[in-house]
Amino acid sequence: MKYPIPLQKLITLLKKIPGVGQRTAERYAFQMIQWKESDLSNLAYTLANLKNDLTPCPECGALKDELKCPFCNDPKRDKKTLCIVSSPKDIFAIENTSIFNGIYHVMPGLLSPIDGLGPEEMKFETLKQRIETLHIREVILALDSTVEGDATALFLKRELGKLDVLLSRLALGMPLGSSLDFIDEGTLSQALSARLPI
Ligand SMILES: [Zn+2]
């Protein structure tokens with residue numbers, strides 16, 4: 001038997017969440033029917049405003065909720081050390097280790113020509129300008145240990161090698177094929193502290 005349209009719509013939307021299949025979506029949807037009206041409105045409101053309330057910092061690309069970026073505008077951060085990540089999510093993982101006190105730069109993604117992300121899409125000029133304007137001394141590549149991550153690191157090494165900066169990459173303990181998402185805090189701390197020059 002088919003579900004009533006509003007329920008079917010909810011199930012279809014829930015299935016967009018990674019890891020949520022038909023069965024799980026159905027379970028969630030039936031549970032949500034039991035929620036208080038106010039919780040449902042709250043969820044709807046939060047989702048509707050998510051993109052507006054959460055804006056990337058125009059300087060570094062970190063996600064922020066206030067007018068000022070918590071990294072670029074914090075006088076206590078070391079503005080000469082730049083950590084390059086491929087997703088704003090990775091910043092949270094690195095911050096959780098509490099051992100990095102520099103600033104960040106979010107790349108548009110990892111090099112992946114199949115997905116339409118070639119060298120031109122990497123917006124390297126913006127990165128280069130930032131490094132020069134801020135007189136960055138050290139650049140740390142905190143990229144996934146995957147084929148795309150390695151290709152991006154190689155590309156950045158070639159381009160950044162022309163600048164007067166110390167270049168290093170997370171290495172130790174980073175299992176091959178792993179993305180920063182799935183690495184535990186301890187391993188990431190170790191990988192950051194024991195970064196290797198490239
Ligand atoms: Zn920023």
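Residues numbered from 1 in each chain as written. Predicted model: local features only at pLDDT ≥ 70, side-chain atom pairs only at ≥ 80, totals over all residues.

**Q** Mind showing me how you'd approach the overall build of the protein here?
**A** Each helix and strand in the protein was counted, giving seven helices and seven strands. Along the protein, helices (α) and strands (β) appear in the sequence α-α-α-β-β-β-α-β-α-β-α-β-α-β when read from the amino end. Across its three principal axes, the protein shows a C-alpha extent of roughly 65 × 35 × 35 Å. Counting over 198 residues, the protein shows a buried share of 23%. Excluding contacts between residues fewer than 6 apart, the proportion of contacts in the protein whose partners are at least 24 apart in sequence is 57%. (Helix = DSSP H or I, 4+ residues; strand = E, 2+ residues; numbered from the N terminus. Buried ≥ 20, exposed ≤ 12 C-beta atoms within 10 Å, placed from the backbone. Contact = placed C-beta atoms within 7 Å.)

**Q** In this structure, what is going on with the domain arrangement of the protein? I would like to understand it.
**A** Per the domain assignment, the segments making up the protein are domain 1 (5–53) and domain 2 (63–197). Placing a centre on the C-alpha atoms of domain 1 and another on those of domain 2 gives a separation of 34 Å. (Domains from an automatic or database assignment.)

**Q** Looking at this structure, how should I read helix α4 (residues 88–97)?
**A** Turn by turn, an α-helix covers 3.6 residues, leaving residues three or four places apart pointing in a common direction. Taken together, the buried positions of α4 are occupied by D90, I91 and I94. Within α4, the buried residues cover an arc of 110 degrees as seen down the axis, which keeps them to one side. Where the residues of α4 are buried, they touch β3 (81–85), β4 (103–106) and α7 (185–193). (Arc of directions from axis to C-beta.)

**Q** Help me understand the sheet that holds β4 in this model?
**A** Each strand in a sheet pairs with its neighbour through backbone hydrogen bonds, running either in the same direction (parallel) or in the opposite one (antiparallel). Ordered in space as β4-β3-β5-β6-β7, the five strands form an open sheet in which the pairing is mixed. What marks the edges here is a single partner per strand, and that holds for β4 and β7 (196–197). One ladder, built from four bridges, connects β3 with β4; its direction is parallel. Along β4, the bridge assignment pairs V85 with V106. (Pairing = 2+ DSSP bridges.)

**Q** What is the right way to look at the packing of α4 against α7 in this model?
**A** Working note: a packed helix pair is described by the angle between its axes plus the distance between those axes. Running from N to C, α4 and α7 point in directions that differ by 85 degrees, and their axes come no closer than 9 Å. Between α4 and α7, the crossing angle belongs to the class labelled roughly perpendicular. Contacts between α4 and α7 involve A93, I94, N96 and T97 on the former and, on the latter, E185, L188, S189 and L192. Here the contact of α4 with α7 is composed, by residue class, of four nonpolar, three polar and one charged. (Axes fitted to C-alpha atoms, helices over the stretch in contact; angles between N-to-C directions. Parallel < 35°, antiparallel > 145°, perpendicular 65-115°, else oblique. Nonpolar A, V, L, I, M, F, W, Y, C, P; charged D, E, K, R; others polar.)

**Q** What exactly am I supposed to notice about the environment of T55 here?
**A** Structurally, the position occupied by T55 is in strand β1 (residues 55–56). Considered as a pair, T55 and E66 are eleven residues apart in the sequence and their alpha carbons are 8.6 Å apart.

**Q** Would you explain the packing of helix α1 (residues 5–14) against helix α2 (residues 22–33) in this entry?
**A** At a minimum axis distance of 9 Å, the contact between α1 and α2 shows a crossing angle of 130 degrees. By the criterion of interaxial angle, the relationship of α1 to α2 is oblique. Considering only the axes of α1 and α2, their crossing is right-handed. Residues L7, L10, I11 and L14 of α1 lie in contact with α2, whose contacting residues are A25, E26, Y28, A29 and M32. Residues belonging to the contact of α1 with α2 are distributed by class as follows: eight nonpolar, no polar and one charged. (Left-handed = near helix turned anticlockwise from the far one by under 90°.)

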